[in-house]
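Understanding the architecture of this molecule
Chain by chain, the residues run as shown.
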Amino acid sequence: MPAWNEGETVGDTVAEVHRLNEGYDVLVVDDGSKDATAAVAATAGATVLRLPFNMGVGGAMRAGFKYADRHSYDAVIQVDADGQHDPREIASVLAGLDTADISIGARFAAKGDYKVSGPRQWAMVFLAAVISRLARTKLTDVTSGFRAGNRRAIAQYLDHYPAEYLGDTIDSLVVAVKSGCKVTQIPVAMRPRQGGTPSHNPVKSAVYLLRSVFALLFAVTRSRSRIVVQEGTV
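The structure reproduced in this document is the subject of the present report. (Residues numbered from 1 in each chain as written. Predicted model: local features only at pLDDT ≥ 70, side-chain atom pairs only at ≥ 80, totals over all residues. Heavy atoms only, no water.)

**Overview of the packing of aromatic side chains**
Using the following cut-off: Here the aromatic set is Phe, Tyr and Trp, taking the six-membered ring for Trp, and pairing holds for ring centres within 6.5 Å; pairs whose planes are under 30 degrees apart are stacked, those over 60 apart are edge-to-face, and all others are tilted. Helix numbering and strand numbering both begin at the N terminus, where a helix is a DSSP run of H or I of at least 4 residues and a strand a DSSP run of E of at least 2. Throughout, exposure labels follow a simple rule: accessible area from a 1.4 Å probe, protein chains only, divided by the maximum for the residue type, with under 20% read as buried, over 50% as exposed, and the rest as partly exposed.
Enumeration over the complete set of coordinates arrives at three aromatic pairs. Judged by centre distance (5.1 Å) and plane angle (65°), the ring pair of Phe65 and Tyr161 falls under edge-to-face. Separated by 96 residues along the polypeptide, Phe65 in helix H3 (residues 56–70) and Tyr161 in the loop between helix H6 (151–159) and helix H7 (167–178) bring together distant segments of the chain. For the pair formed by Phe65 and Tyr161, the shared burial category is buried.

This is the structure in structure tokens:
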């Protein structure tokens, strides 16, 4: 659970995961927060990994994957600290790993009422179409951060998980596919932010469109990873 200044919501999100009683360990990567994110997360029962300064979601996730690898977890799943990802969907997204290395909780796959419009929608449709061809499977939401990975995916992420804008979604997914990871998607219902202020507006949406195209073009030029999974693991 990457978190940057999410003290308002991270405690409730962690508590909600624990209330499922499904045996999940919760790691909150405090990405150099200036508020009480780390303390609130720890009080709610999470293990907290504190980064000394803000590295962005890519850097936070990279730290989380290193933690998972060192502690020999078989699977990981990213759940945003702002409450948009419904913890009740975790089991469904993890189940996608039965047939794939990476399972994406998809917002635009006939479940829920999450909607976008304008440039953001155009960008998402374009990105989904291109990456679907690369992955040889239909994907509708390649920018979703609600995604799970098995040991093979973790090993690939340790080799390549970028910190650039959209690197944690577009770039990481494209390189994983090029490196031989199989991807699937699971329909999920997304919730509004449970706190804080949404960052989208018409100007930012237009910028998102341009930057997402550049992110995709940059990603397809990346070299594939050589995936090395530890001995005796699946």
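Next comes the rest of the account.
**Comments concerning a nonpolar patch on the surface**
The test is simple: Surface patches are defined over residues having more than 30% relative accessible area and no salt bridge, joining like charges when they lie within 9 Å and nonpolar side chains (Val, Leu, Ile, Met, Phe, Trp, Tyr) when within 5 Å. Shrake-Rupley sampling with a 1.4 Å probe provides the accessible areas, and residues are treated as covered by the protein chains on show and by no other component. We count a salt bridge whenever a side-chain nitrogen from Lys or Arg sits within 4 Å of a carboxyl oxygen from Asp or Glu.
A contiguous nonpolar surface patch, about 350 Å² in accessible area, is contributed by Leu210, Phe214 and Leu217. Here Leu210 is to be found in helix H8 (residues 202–220).

**Some details on the side chain of Asp82**
Counting through the fold element by element, Asp82 comes out in the loop between strand S4 (75–77) and helix H4 (90–95). Classification of Asp82 as buried rests on a relative accessible area of 6%.

**Details of the sheet that holds strand S1 (residues 2–3)**
Cut-off, in case you're wondering: When DSSP finds two or more bridges between two strands, those strands count as paired. Any pair of residues with heavy atoms lying within 4.5 Å of one another is described as a contacting pair. Axis definition: a line fit to C-alpha positions, over the contact stretch in the case of helices; interaxial angles, taken between N-to-C directions, run 0 to 180 degrees.
Spatially, three strands are ordered S1-S2-S3 in an open sheet, and the strand pairing comes out parallel. For this open sheet the edge positions go to S1 and strand S3 (47–51), each flanked by a neighbour on one side alone. Contacts between H3 and the sheet are confined to S1, strand S2 (27–31) and S3, with S2 contributing the most and set at about 140° to the helix.

**What about the pairing of strand S7 (residues 183–187)?**
Taking burial as the measure, the five residues of S7 include four buried ones, the bulk of the element. Of the pairings in the sheet, the one linking strand S5 (residues 102–106) to S7 comprises five bridges and is parallel in character. Across the sheet, Ala106 pairs through a bridge with Pro187, a residue of S7.

**Details of the pairing of S2**
As a reminder of what qualifies: Here is how to tell: hold the view so the strands point away, follow the path from the first strand over the helix to the second, and if it runs clockwise the crossover is right-handed.
Summarising burial for S2: five of the five residues are buried, a large majority. Across two bridges, the pairing between S1 and S2 is parallel. Across the sheet, residue Ala3 finds its bridge partner in S2, namely Asp30. Each parallel crossover has a hand, and the one from S1 via helix H1 (residues 10–19) to S2 is right-handed. For S2 and S3, the ladder comprises five bridges, and the chain directions are parallel. Residue pairing for S3: Val28 is matched across the bridge by Val48. In this view, the connection linking S2 to its parallel neighbour S3 by way of helix H2 (residues 37–43) has right-handed handedness.

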